[in-house]
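Listed below are the residues making up each chain.
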Amino acid sequence: MAAGVRTVDALPGPFSYPLAGVALVIIDMQRDFLEPGGFGAALGNTVGLLAPSIPVIGRLLAAFRAHGLTIVHTREGHRPDLSDCPPAKLGRGRPSMRIGDHGALGRILIQGEPGHAIIPSLTPLPGEVVIDKPGKGAFYATPLSTELTRRSITHLVITGVTTEVCVQTTMREANDRGYECLLIEDATDSYFPSFKQAALEMVRAQGGIVGWTATSNALLKSLPP
Ligand code: C5J
């Protein structure tokens, strides 16, 4: 195996990645999804269900920082004038408040508002990539491909919320673009625990049709001491 290649005990089988070509991708760990008064709560969800992944992502973030590896944070949200929010998204569901309405965390899902921010414990550091995305997938209408190519990234370690929406959509987009993707099982959460379980199984079914899954401990064990 080439120097610098690490292997994770994963499903449906071992996941190997080059240290120089791997990025940690943290999807939408924003106050709007994780705290009361934001977008997730407005849609009727119990936001506390997303809490377990927070310290796990914190440990992965610390490890990637310690090794000087590439880190990408994403934020779902829209321009204040909503010009990047399709009417189909604005009207979807029966939220108590809609995107752009004023709530306890400022305007719902709007860039620059308190709710749009990444939660304090996972705040990006200078030099880390932050991608603002109007959709569920992190590649749609964003510079993510360009940023990854510029850094010669070929392998993605994917974390964040929610598993079956923005996480799975991003992983499918990445898979179609040729990235090898590992989803960290305990570093992702859903408002619907059964959807999370189903998404994990979908990813790794059929010989890893979308990619691999592994625990955070398995990933951490694969990093150099
Ligand atoms: C949702 C997301 N669930 N980040 N967004 O609307 O998964």
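Quantities reported herein were computed from a predicted structural model and do not represent experimental measurements.

Draft legend 1. Representation of the site of the ligand in the model. Looking at the ligand, the residues that line it are D28, F33, F39, E76, K136, V161, T162, V165 and C166. A distance of 3.1 Å is found between a nitrogen atom of the ligand and a backbone nitrogen or oxygen belonging to V161. Contacts to the ligand include C166, whose backbone N or O atom sits 3.2 Å from an oxygen atom. Relative to its free-state accessible area of 230 Å², the ligand is covered by the protein chains to the extent of 92%. Partitioning the shell around the ligand into residue classes produces five nonpolar, one polar and three charged.

Draft legend 2. Seen up close, the packing of aromatic side chains. Enumeration over the complete set of coordinates arrives at five aromatic pairs. Here F15 and W212 contribute two aromatic rings whose centre-to-centre distance is 5.1 Å and whose plane-to-plane angle is 65°, an arrangement assigned as edge-to-face. Taken together, the positions of F15 in strand β2 (residues 15-18) and W212 in strand β10 (residues 212-214) put the pair 197 residues apart, joining distant regions of the chain. Since its relative accessible area comes to 1%, F15 is described here as buried.

The rules behind these values
- Just so you know, the residues in each chain are numbered from 1, in the order the chain's sequence is written.
- pLDDT decides what is reported in this predicted model: residues at 70 or higher carry local features, side-chain atom pairs at 80 or more are listed and counted, and totals for whole chains, interfaces and linings draw on all residues regardless.
- Side-chain metrics rest on all non-hydrogen atoms present in the structure, leaving aside hydrogens and water.
- Residues are labelled near a given molecule or strand when at least one of their non-hydrogen atoms is within 4 Å of it.
- In protein, a polar contact requires one atom able to donate a hydrogen and another able to accept it; more generally it is a pair of N or O atoms within 3.5 Å, and residues adjacent in sequence count only if both atoms are side-chain atoms.
- Note on areas: Shrake-Rupley, 1.4 Å probe, and residue coverage restricted to the protein chains presented here.
- Put simply, Ala, Val, Leu, Ile, Met, Phe, Trp, Tyr, Cys and Pro go in the nonpolar bin, Asp, Glu, Lys and Arg in the charged bin, and everything else, Gly too, in the polar bin.
- Two aromatic rings from Phe, Tyr or Trp, using only the six-membered ring of Trp, form a pair when their centres are within 6.5 Å; if the ring planes differ by under 30 degrees the pair is stacked, by over 60 it is edge-to-face, and anything between is tilted.
- Secondary structure is summarised from DSSP: a helix means a run of H or I of at least four residues, a strand means a run of E of at least two, and numbering begins at the N terminus for each.
- Burial classification: accessible surface area is computed with a 1.4 Å probe over protein chains only, and a residue below 20% of its type maximum counts as buried, one above 50% as exposed, and the rest as partly exposed.

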